[in-house]
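The chain contents come next:
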Amino acid sequence: MSIAEKFVSMEYGPAAEDSKEATTWLERHGYRFQHFIGGGWQVPVAGEYFDTVDPSNAEKLASVAQGSAADVDAAVKAARTAFSGWQALPPHVRARYLYALARLVQNHSQLLAVLDTMDNGKPIRESRDIDVPLVARHFYHHAGWAQLLDQEFPEYVPCGVVGQIISWNFPLLMLAWKIAPALATGNTVVLKPAEFTPLSALAFAEIIQEAGLPAGVVNIVTGDGSTGAALVKHPDVDKIAFTGSTEVGRAIRAATATSHKRLSLELGGKSPFIVFEDADLDSTVEGLVDGIWSNQGQVCCAGSRLLMQESIAETLIAKIQDRMSTLRIGAPLDKAIDIGAIIAKVQLDRIRKLVDQGVADGATCWQPQVTLPARGFYYPPTLLSNVHPASIVAQQEIFGPVLAAMTFRTPAEAVELANNTVYGLSASVWSESINVALQVAAQLKAGVVWVNCTNLFDASCGFGGYRESGYGREGGREGLLEYLEPAWFKNAPALPAHKTVAPLEAESEDSASSSADTPPIDRTVKLYIGGKQARPDSGCSMEVRAADGRLLGEAPLGSRKDIRNAVEAARKAASWAKATAHNRAQVLYYCAENLSQRRDEIAQRLAAVVGEKQAAAEVTLSVERIFTYAAWADKFDGAVHNPPFRNIAIAMNEAIGTIGVICPREAPLLGFLSLVMPALAVGNTVIAVPSEAYPLITGDLYQVFDTSDLPGGAVNIVTVYASQLLKTLAEHDDVDAIWCFGDEASAAMAKSMSTGNLKQVWTNEGRAIDWFNPKLAEGRWFLEHATQVKNIWFPYGE
Ligand code: NDP
């Protein structure tokens, strides 16, 4: 064809990326790879290998070591040996290593991009222009954090040895999201890449060597799910960071329940892409191309549910179909390809099955006329319209190039539909009205909201989910905190069984003298639910005894029904979540004022259990602690990030929702308020189980709350033996987080019972917290657990 003819036909010619460097690299390794352990290549102990395949043609690329428990053990040992040296390095030295990694990623960017495309099937345009530049950006950004670590996190220490398990859809990018913050904060790493896509991680192992990182700081063990499971189970791993499906995330939560392993979960999504009638529809369509057809839709935050305002639905569908007809599908190494190959046959079959089910549910399926390559695994871009919100294709993550379209009439309906999912990873909102966009963004249950844009990521902006999309963030300051712990918390001693641990230990004479003076208690304490005193459903009660064994009184024994009522009351107390921060601060100050007025009588009663000195200290410090959180209520602000695009990202600290709190036994008043007040300050509602040692504190607390304008239901108190009803609270689907500050067994129970809706769990790991030391027992660490960060991205410019 002559050039003149080409101008007329505008046909694409082949534009294959040069894969020579990648094939030379494979050849150099003899198409066979070992594990990377302790700074060098190690043959798998069991001698087993598996094949990794190019999904664009179904041909084998290489054999890769199958990691066994013995291989994982060797890697964890190497990471443990390296840990003390790596942690002790001056921040500047660690910063230099991270900087070197960033530079080397850039130097080897062609090799890395081609390897990811060959191993994963994603278009080279994406791996070259999006994935690899973001990988380099991640290491640069975290080189900066390494430099600033001591100044910005002076009281914090690294978790230790971190096990990291990643998915196949962004092989190198997920590796960077995991490894960069872990190294910057002084942890050492054992990473298991996905079975389908190990190659770029193995190429990165060579970059580690080239950067001269000390042996064992990063170890890479390849393998399948069983290798991941061995890493999760390993007793010498201090933290698991996981990216993958919600199902496996749940299994990991259960498997780590009886250990002290920290856990962060980046899981699946079914993200809404909401289009209002005033949106710029042409930009919206381009957004959709990125939102659902990039990486063949195999993106955790894919905008897979299109919610269109009814008035523009027909026009928008027509524009989408026009644009879909121009998408080019084919060999992913071709630079002019929009849609590459699906990762594997099993995933292709899954996509087909789900689309068939969607059609059976009543959806209309539209696909452009495209010729799919004869070999490899390909699926055409697909639009399902008239989808019912309850249909499987509106609810389940398809992880393929399939868009499910629905309509709405009002912004309120859009929000309801958008939140009608168990997930909460991301959302995209399209409207030219900033008021509408912000109003909707604030109401969406999602960790990231893109306004008039989609699928933007940056190392400075945290990424992660709400609800069953997991917990923890990657990127930004909050991402670093996933790899750090306050030293005092990490090193706190184990809580002795049923003993007070206050520094102001009760003395026996105090108890004796107070018991002599204490009048018998004849008040009836009740449960506190929805702002009202309530009798327990069971009609039973629990005995409360003084330190010297005297019977002090009876507290109601809450039942499952009472817990459920309390959860319902907490959910209804929406007015608290919506109150301004100033209002919340006012109410908290009022609580402090009312507690202060009743300090003597409360201390006198409390003294019977904890002694006079501790009781006096608890009351005094409780007033101060409430002041602290009243002060924080209107100051725990978020941040505005400046990612390197024409965008700003507003990082908002949002309340988690309803939190179940098992209060510490050892400080009945101060422990209760140390946990409940930070939760309230940022807008959560609470179901609290007070100290088993002195549940009668409930009577004093509800009198304070009742006289302080706290809306009914914001705090609910159910007195009960924690071990009896922890399960009910931890399993309740309307509870968003559980804080358990009891013994080690309760901590394990809270974690293992919370897998249903994957609620966030925070425990003391059975450790003794010094509630009497304000430097330790109050402040940001508590507020950070009471909030989750939502990043709202806005583009600017014309
Ligand atoms: P999987 O959950 O199947 O696998 C993720 C990783 O876990 C893989 O390395 C896998 O190994 C390993 N694994 C499998 N079983 C176990 C186990 N029992 N214990 C420990 N590790 C195990 O997810 P996919 O790889 O299929 O990835 C797709 C999912 O990842 C989607 O749901 C997607 O939404 C989510 N994702 C979330 C992101 C986020 O940031 N929120 C980002 C990217 C993806 P193997 O590969 O051998 O199976």
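For the structure itself, consult the block above.
Residues numbered from 1 in each chain as written. Predicted model: local features only at pLDDT ≥ 70, side-chain atom pairs only at ≥ 80, totals over all residues. Heavy atoms only, no water.

## Regarding the packing of helix α5 (residues 109-120) against helix α8 (residues 199-211)
Packing of α5 against α8 leaves a shortest axis separation of 8 Å and a crossing angle of 155°. One finds that α5 runs roughly antiparallel with respect to α8. In this structure, α5 uses Leu112, Leu115, Asp116 and Asp119 to contact α8, whose residues at the interface are Leu199, Ser200, Ala203 and Ile207. Residue classes in the contact of α5 with α8 are distributed as five nonpolar, one polar and two charged. (Axes fitted to C-alpha atoms, helices over the stretch in contact; angles between N-to-C directions. Helix = DSSP H or I, 4+ residues; strand = E, 2+ residues; numbered from the N terminus. Parallel < 35°, antiparallel > 145°, perpendicular 65-115°, else oblique. Contact = heavy atoms within 4.5 Å. Nonpolar A, V, L, I, M, F, W, Y, C, P; charged D, E, K, R; others polar.)

## Considerations on the site of the ligand
Close contacts around the ligand come from 29 residues, with Ile166, Glu195, Ser245, Leu267 and Glu397 the closest. For the ligand, an oxygen atom lies 3.2 Å from a polar atom in the backbone of Gly225. Within the backbone of Leu267, one N or O atom sits 2.8 Å away from a nitrogen atom of the ligand. Surface burial for the ligand is 86%, taken as the share of its 900 Å² of free accessible area covered by protein chains. Elements with a minimum of two residues in the shell around the ligand: α9 (225-233), β10 (239-243) and α10 (246-255). Its residues assigned to classes, the shell around the ligand shows 15 nonpolar, nine polar and five charged. (Near = heavy atom within 4 Å. Polar contact = N/O pair within 3.5 Å; in protein donor to acceptor, adjacent residues only side chain to side chain. Areas by Shrake-Rupley, 256 points an atom, 1.4 Å probe, with all protein chains shown as cover.)

## A few points about the packing of helix α22 (residues 581-597) against helix α25 (residues 670-681)
Relative to each other, α22 and α25 sit at 155°, their axes nearing to 10 Å. Considering the angle they form, α22 stands roughly antiparallel to α25. In this structure, α22 contributes Arg584, Leu588 and Leu595 to the contact, and α25 contributes Leu673, Met677, Leu680 and Ala681. Taken together, the residues of the contact of α22 with α25 sort by class into six nonpolar, no polar and one charged.

## Some remarks on the sheet that holds strand β4 (residues 49-54)
The three strands are arranged β1-β5-β4 in an open sheet whose pairing can be described as mixed. The open sheet has two free edges, formed respectively by β1 (32-33) and β4, since each of these has just one partner strand. Bridge count between β1 and strand β5 (residues 59-65): two bridges; the pairing is parallel. In the sheet register, Phe33 faces β5, and the bridge partner there is Val64. Seen against the sheet, α5 touches β4 and β5 and runs at an angle of roughly 100° to β4. (Pairing = 2+ DSSP bridges.)

## Observations regarding the pairing of β4
Going residue by residue along β4, you find Phe50, Thr52 and Asp54 tucked away on one face and Tyr49, Asp51 and Val53 left uncovered on the opposite face. Relative to β5, β4 is paired through six bridges, and the arrangement is antiparallel. If you follow Asp51 over to β5, its bridge partner there is Ser63. Hairpin remark: β4 followed by β5, antiparallel, with four residues in the connecting loop; positive phi at Ala58, about 65°. (Buried < 20%, exposed > 50% of the residue type's maximum accessible area, 1.4 Å probe, protein only.)

## What to know about helix α26 (residues 697-706)
Summarising burial for α26: eight of the 10 residues are buried, a large majority. Within the span of α26, buried status applies to Ile697, Thr698, Gly699, Asp700, Leu701, Tyr702, Val704 and Phe705. Structurally, α26 contributes buried residues whose contacts are with β21 (527-529), β22 (532-534), α22, α23 (599-610), α25 and β29 (715-717).

## Considering the packing of aromatic side chains
Scanning the model with the defined rule gives 29 aromatic pairs in all. Here the aromatic rings of Trp488 and Phe489 are separated by 5.7 Å at their centres, their planes lie at 85°, and the arrangement is edge-to-face. Judged by centre distance (5.1 Å) and plane angle (80°), the ring pair of Phe741 and Trp762 falls under edge-to-face. Pair noted here: Phe741 is in the loop between β30 (737-740) and α28 (744-753) and Trp762 is in strand β31 (residues 760-763), with a separation of 21 residues, a long-range link. For the pair formed by Phe741 and Trp762, the shared burial category is buried. When the ring centre of Tyr49 is taken as reference, the NZ or CZ atom of Arg32 above it lies at 3.7 Å. In this structure, Lys239 is placed above the aromatic ring of Tyr483, and the distance from its NZ or CZ to the ring centre is 4.9 Å. (Phe/Tyr/Trp six-rings, centres within 6.5 Å; stacked < 30°, edge-to-face > 60°. Lys NZ or Arg CZ within 6 Å of the ring centre and 35° of its normal.)

## What to know about the sheet that holds strand β26 (residues 647-655)
Ordered by their spatial adjacency, 10 strands build an open sheet running β14-β15-β16-β13-β12-β17-β18-β32-β26-β25, and the pairing between neighbours is mixed. Each having just a single partner strand, β14 (364-366) and β25 (639-641) make up the two edges of the open sheet. Averaged over all adjacent pairs, the angle separating strand axes in this sheet is 20°, with direction ignored. Pairing of β26 with strand β32 (residues 787-795) involves nine bridges; the strand directions are antiparallel. If you follow Ala651 over to β32, its bridge partner there is Asn791.

## A word on the side chain of Gln66
Here Gln66 is to be found in the loop between β5 and α3 (69-88). Gln66 gets classed as buried once you look at its relative accessible area, which sits at 11%.

## Observations regarding the pairing of strand β27 (residues 658-662)
Most of β27 sits out of view: five of its five residues are buried. Along β27, one buried face is formed by Thr658, Gly660 and Ile662 and the opposite face, lined by Ile659 and Val661, is buried too. Inspection of the sheet shows β27 paired to strand β28 (residues 685-689) by five bridges, in the parallel sense. Bridge pairing in β28 places Thr658 opposite Thr685. With respect to chirality, the unit in which β27 leads through α25 into the neighbouring parallel β28 is right-handed. Sheet topology places β27 next to β30; four bridges connect them, and they run parallel. Looking at β30, one finds that Ile662 is bridged to Cys740. (Right-handed = clockwise from strand over helix to strand, strands pointing away.)

## Remarks on the environment of Glu474
Along the chain, Glu474 falls in the loop between β19 (470-471) and α17 (476-481). Among the residues examined, Glu474 registers a relative accessible area of 7% and is labelled buried. Separated by 300 residues in sequence, Glu474 and Met174 place their C-alpha atoms 9.7 Å apart. Contact partners of Glu474, with chain neighbours within four places excluded, come to Trp177, Lys178, Thr243, Glu266, Cys461, Gly462, Phe463 and Gly479. A distance of 2.5 Å separates the side chain of Glu474 from the side chain of Lys178, its partner in a polar contact.

## Points about the state of the cysteines
A disulfide bridge is the covalent bond that connects two cysteines by way of their sulfur atoms. Using the criterion set out here, one finds zero disulfides in the structure. Free of any disulfide, Cys453 has its nearest cysteine sulfur in Cys461, 11 Å distant. A relative accessible area of 8% means that Cys453 is categorised as buried. (Disulfide = S-S within 2.5 Å.)

## What about unusual backbone geometry?
For Asn455, which is not glycine, the phi dihedral falls at a positive 50°. As for its placement among the helices and strands, Asn455 is situated in the loop between β18 (448-451) and β19. Relative accessible area serves as the criterion here: at 12%, Asn455 is assigned to the buried category. The backbone phi angle of Arg467 is positive, close to 50°, even though this residue is not glycine. Along the polypeptide, Arg467 turns up in the loop between β18 and β19. On the basis of relative accessible area, Arg467 is assigned to the partly exposed category, the value being 29%.

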